[in-house]
Amino acid sequence: MSELRDIIVVGAGPAGLSAALTASGLGLDVLVLDEQPALGGQLYRNIEKANEQTLKILGSDYGRGRHLIEKFRNSNAEHLAGATVWNIEANGNVYYSKAGQSSEIRGKHVILAIGAAERSVPFPGWTLPGVMGAGAVDSNFKSSGTIPEGPVVFAGSGPLFLSTLGHMTSLGVEIGAVLDTTPQGNLLAALPFLPRAMKRLDYFLKGAGMLLNLRRLGIKYAKGINGYEAHGRDRVEKVSYSSKNGVQHVEAGVFLVHEGLVPRCDFTQLLGLKHCWDAAQRYWYPQINHVGATEIDTIYVVGDGAFVHGGMPAITKGSLAAVDIAGKLNALPLDSKTVTLAKLEKKLSSELDFRPFVDVLFRPRSNLFKMSDQTLVCRCEEVTAGEIRRAINEGCLDSNETKAITRCGMGRCQGRMCGSALNEIIIDELNRQPLDTQPLRMRPPVRNISLAELSQLSLFKNRVR
Amino acid sequence: MKHADIIIIGAGLIGTSTALNLARAGKKVFLLEKESSACHASAVNAGGVRRLNRHFEEIPISVAAMEMWPQMSALVGSDCGFRSHGQVHIAPDENSMKFLTNRVAGVESLGFFHEELVDATEIKLLVPAYKGKCKGGIVARSDGFALPAVTLKAFFKTACSQGVEAYANSKVSSITCGENGFSVQTENGGLFESEILINCSGAWGGNIAALLHEHLPIKPTALSMMVTARMPRFLKPVVGVHGRKLSFKQMDNGTVVIGGAHISFLEMNKERTTLDFKEMRISASTVQEHFPIMKTASIVRCWAGIEGITDDDLPIIGESQKTPGLFHVCGFSAHGFQLSPMIGRLVASLVQGKKPELPLDAFSVSRFKNPV
Ligand SMILES: Cc1cc2nc3c(=O)[nH]c(=O)nc-3n(C[C@H](O)[C@H](O)[C@H](O)COP(=O)(O)OP(=O)(O)OC[C@H]3O[C@@H](n4cnc5c(N)ncnc54)[C@H](O)[C@@H]3O)c2cc1C
């Protein structure tokens, strides 16, 4: 394989596929890397192999991916499946691992399209077997058709929460209870944005239909939940939850939690790019311009990894970056670049019309990260909230220093699971503005590789810097 | 304008340890640090606490420092994670063994007996997982390792509790020297005055000296490290192999910390390091060759720390050749962590015009031929 490509796209979801399609359509040499065995990312996961029943259950949002992937298959863009990227450098070097072999490759430009991850929120019992992300269970269903065995208790909020719930009810999963953590004031606050959002009436109808369906099936649905715990000896057996009506319990075989999606900033943090804080969604996102370009000329960020906007906008964001790069690489004359970008931007803006409503409606609850001292925050290194608070009270001032002292975030996942919680504790304890805090520093390899694999790393023959 | 007896630039371990000792001697000290908290060499080093294989000039200080490490709780209220599992330096061939034999004789002729020559059988007992070539080696049985970030925090906290006034986010950007001493300005608008100024700015030592038009031969260098996921316990002492770039230790929690002075790319103006994976590949091969048990170890993180390295690999300690009242204590050349508790004590005496417990002459900047 050639060492130098015009564009390396990391992530084969809607944003990455669209970027690759657009760029290769403009004559650029594109390679797409994705750790999954199949194209599609999270949203269109495994869609090429989906059967009729799956397609029916997952609906048109999923089905739409087929068309995109077909176009991708017919393009000149190359796809490397099962390729886990573990390092990216500012000059466009990308290191990835495939089937136990790591290699280096370079792109004149790198488009990061690695999407969003479920927000990880520690709560008592969150490490018990049987407690899982709702989105992860949805992904499992897409890739292998497996569904959880009930009674399944759902807790959380957000569009993905509702769609997963919808899929699981359609599949006939036994649902013990649905604990909706959406703050009850959100709806009122979101109403002013409703008119702009009305053109996606289909979403609202779908959501409403799903809730009606729950009622029809007699599934317990509790609103205004402001906290929960998982209990059990060897795995989850029971969930307790609190609302203004006090604490209640429900039996659970599986406990599925989802508190919204957050951009995956692993690589943008690794690259030392500037990040902004979204106060409403309470997450960091990389600072980019209107076409996804970052302060490092080689690096672009598109899709939910730039900001969580969902599938359709991700497709448009991917194209925007591709067109901009095509301009830079002289594959597109300036005037047609300008016209195309303007068109795409208009499209994006109209696709984002429903977002303000959704974003306010699903704004996370304010006590999301209020945890007791006993709550385990870092599962890799087994650090509790109390230990973190003690370190802060003894003088640690930011997340990176607290990490060095407590080891919270130093384990295998490099803080992907505990980073937000750690930062939120610092914000709380030191009365900080989130913007005055720092997300955890990332270090390569961003995904673990074995020492033997590193010792066999295949590098360019002519390395330049 | 704030006034103190002494201003120290750089709140790494060298600056903090010096500040602590001066505060205990009743001096008013300002400690200026450009970061929100010191996060460079002192916080991210390999944590090796080693007398073994020291440059002969450094041995007296290193030996004295070693007596302090087991007493850290009394000194700074934390054991600093110090573990005294020994340090081992292996001779892979006859030539290395000859070299090390001579070395130990040299060390003993200075009156120090911490380095012990051992045979291959003893190495096997000490490091059973070692499968590389071995003709014997040298051992310092009460050497060990500690936790850098924890050590730095403990020193810093203690220094502050002893009255040191520490200023964070305070990058020194200009220094003037007049009749009444130094006036130091920081980028965030701070203005500080003192009679005595100590340059403890590590890899930035040359930059600080340059503010007063002095040249120090310190080369900022990014040194690479890697750490693995937890492994079952297989190793107690810290291990190095003669002639090979390997420094290897297993921490209490089972993670394995791998160093060996592999260099990363460094853009000093941005303070940005980029790991050189060609070097990391070599490091991984070296580890595998000597410790096959490590093949399946999972690498969790690599990083690089910025250290000041001098032309002769010895630190610069002493009064400026050019500006009286200015002291340089920097350029510890990748082995300042172990020395730091003792350096603070010696430098505190030096700047107060007292005779230090141990001579520091060998580290004077005058040893370099470069014109001032
Ligand atoms: C990867 C690595 C591994 C190492 N392993 C070992 C080991 O195993 N054993 C051992 O003994 N030693 C080791 N060392 C060496 C040891 O870490 C250093 O010698 C020691 O920490 C130096 O301390 P310092 O205070 O001089 O420097 P630093 O800790 O770098 O402190 C200097 C401080 O000065 C500040 N500063 C710079 N310019 C300014 C300015 N203009 N204004 C204000 N502040 C400023 C910096 O921000 C910094 O915090 C290692 C070093 C590295 C990098």
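Please read all numbers here as calculations on a predicted model, not as lab measurements.

Things to note about the site of the ligand
All names here are of chain B.
Thinking step 1. Near the ligand lie 36 residues; those nearest to it are Glu33, Ser42, Gly48, Val172 and Glu307.
Thinking step 2. Leu13 has a polar backbone atom sitting 3.3 Å from an oxygen atom of the ligand.
Thinking step 3. Here the ligand has 1000 Å² of accessible area as a free molecule, and 96% of this is covered by the chains.
Thinking step 4. When residues of the shell around the ligand are traced back to their parent elements, those giving at least two are helix H1 (13-24), helix H2 (41-44), strand E14 (218-228), strand E19 (298-310) and helix H10 (336-351).
Thinking step 5. Tallying contributions element by element places H10 first for the shell around the ligand, with three residues.
Thinking step 6. A per-class count over the shell around the ligand returns 16 nonpolar, 14 polar and six charged.
Thinking step 7. Each of domain 1 (2-47 + 149-217 + 312-367) and domain 2 (84-143 + 219-310) contributes no fewer than three residues to the shell around the ligand.

Describing the sheet that holds strand E15 (residues 254-259) of chain A
All names here are of chain A.
Thinking step 1. Spatially, the five strands line up as an open sheet ordered E8-E15-E9-E10-E11, and their pairing is parallel. Of all the strands in the sheet, just strand E8 (131-133) and strand E11 (221-222) have a single pairing partner and so form its edges.
Thinking step 2. The pairing of strand E9 (residues 152-157) with strand E10 (residues 175-180) spans five bridges and is classified as parallel. The residue of E10 that forms the bridge with Gly156 is Asp180.
Thinking step 3. Across the sheet, helix H4 (residues 159-170) touches E9, E10 and E15, and the angle it forms with E9 is around 155°.

Digging into the sheet that holds strand E13 (residues 238-243) of chain A
By definition, the strands of a sheet pair up through backbone hydrogen bonds, in either a parallel or an antiparallel sense.
All names here are of chain A.
Thinking step 1. Spatial ordering of the open sheet is given by E12-E13-E14, a layout of three strands whose pairing is antiparallel. Each edge of the open sheet is held by one strand with a lone partner, namely strand E12 (227-231) and strand E14 (246-251). This sheet shows a mean twist of 20° between the axes of neighbouring strands, independent of strand direction.
Thinking step 2. Two elements, E13 and E14, share six bridges in a ladder whose sense is antiparallel.

Some points on the pattern of salt bridges
Residue and element names in this part refer to chain B.
Thinking step 1. For the coordinates displayed, the defined rule picks out 40 salt bridges over all chains.
Thinking step 2. For Glu122, the salt bridge identified is with Arg141, shortest N-O distance 2.9 Å. In this pair, Glu122 is assigned in helix H6 (residues 120-126) and Arg141 in the loop between strand E7 (137-140) and strand E8 (144-145), connecting sequence segments 19 residues apart.
Thinking step 3. The partly exposed category is assigned to Arg141, whose relative accessible area is 37%.
Thinking step 4. One salt bridge connects Glu289 with Arg244, and the closest N-O pair in it is separated by 3.0 Å. With Glu289 in helix H9 (residues 277-290) and Arg244 in the loop between strand E15 (238-241) and strand E16 (247-250), the pair connects residues that are 45 residues apart, well separated along the chain.
Thinking step 5. Among the residues examined, Glu289 registers a relative accessible area of 43% and is labelled partly exposed.

Considerations on a nonpolar patch on the surface
Thinking step 1. A cluster of nonpolar side chains, A:Leu187, A:Leu188 and A:Leu191, forms an exposed patch at the surface whose accessible area comes to about 310 Å².
Thinking step 2. Looking at the secondary structure, you find A:Leu187 in helix H5 (residues 186-190).

Digging into the pairing of E7(B)
All names here are of chain B.
Thinking step 1. Side-chain alternation along E7 places Gly137 and Val139 on one buried face and Ile138 and Ala140 on a second face that is also buried.
Thinking step 2. With four bridges joining them, strand E5 (residues 87-90) and E7 adopt antiparallel strand pairing. By the bridge assignment for E7, Ile90 is matched with Gly137.
Thinking step 3. By the bridge criterion, three bridges tie strand E6 (residues 116-118) to E7 in an arrangement that is antiparallel. Counted as the bridge partner of Leu117 is Ile138 from E7.

A word on the environment of B:Asn199
Residue and element names in this part refer to chain B.
Thinking step 1. For Asn199, the location among the structural elements is in strand E13 (residues 196-199).
Thinking step 2. On the basis of relative accessibility, which here comes to 0%, the residue Asn199 falls in the buried class.
Thinking step 3. When the C-alpha atoms of Asn199 and Glu179 are compared, they prove to be 19 Å apart, with 20 residues separating the residues in sequence.
Thinking step 4. What Asn199 contacts, discounting residues up to four positions off in sequence, is Ile9, Gly205, Ile208, Ala209, Leu216, Phe327, His328, Val329 and Cys330.

Brief notes about the domain arrangement of chain A
The parts lose accessible area when they come together, and the size of an interface is often stated as this lost area.
All names here are of chain A.
Thinking step 1. You can read the domains of chain A as domain 1 (4-117 + 262-332), domain 2 (120-259) and domain 3 (376-432).
Thinking step 2. For domain 2 and domain 3, the distance between their C-alpha centroids amounts to 28 Å.
Thinking step 3. Opposite the four residues of domain 2 that make contact, domain 3 presents five residues.
Thinking step 4. Taken over both partners, the interface formed by domain 2 and domain 3 buries close to 500 Å², and the fraction arising from carbon and sulfur atoms is 56%.
Thinking step 5. On inspection of domain 2 and its partner domain 3, the count reaches zero salt bridges.
Thinking step 6. Taken together, domain 2 and domain 3 are joined by two residue pairs in polar contact (both at pLDDT 80 or more).
Thinking step 7. Broken down by class, the residue content of the side of domain 2 that touches domain 3 amounts to two nonpolar, two polar and no charged.

What counts, and at which threshold
- Residues numbered from 1 in each chain as written.
- Chains lettered and ligands numbered in written order.
- Predicted model: local features only at pLDDT ≥ 70, side-chain atom pairs only at ≥ 80, totals over all residues.
- Heavy atoms only, no water.
- Near = heavy atom within 4 Å.
- Polar contact = N/O pair within 3.5 Å; in protein donor to acceptor, adjacent residues only side chain to side chain.
- Areas by Shrake-Rupley, 256 points an atom, 1.4 Å probe, with all protein chains shown as cover.
- Helix = DSSP H or I, 4+ residues; strand = E, 2+ residues; numbered from the N terminus.
- Nonpolar A, V, L, I, M, F, W, Y, C, P; charged D, E, K, R; others polar.
- Domains from an automatic or database assignment.
- Pairing = 2+ DSSP bridges.
- Contact = heavy atoms within 4.5 Å.
- Axes fitted to C-alpha atoms, helices over the stretch in contact; angles between N-to-C directions.
- Salt bridge = Lys/Arg side-chain N within 4 Å of Asp/Glu carboxyl O.
- Buried < 20%, exposed > 50% of the residue type's maximum accessible area, 1.4 Å probe, protein only.
- Patch = residues over 30% accessible without salt bridge, like charges linked within 9 Å, V, L, I, M, F, W, Y side chains within 5 Å.
- Buried area = accessible area lost by both parts, 1.4 Å probe.

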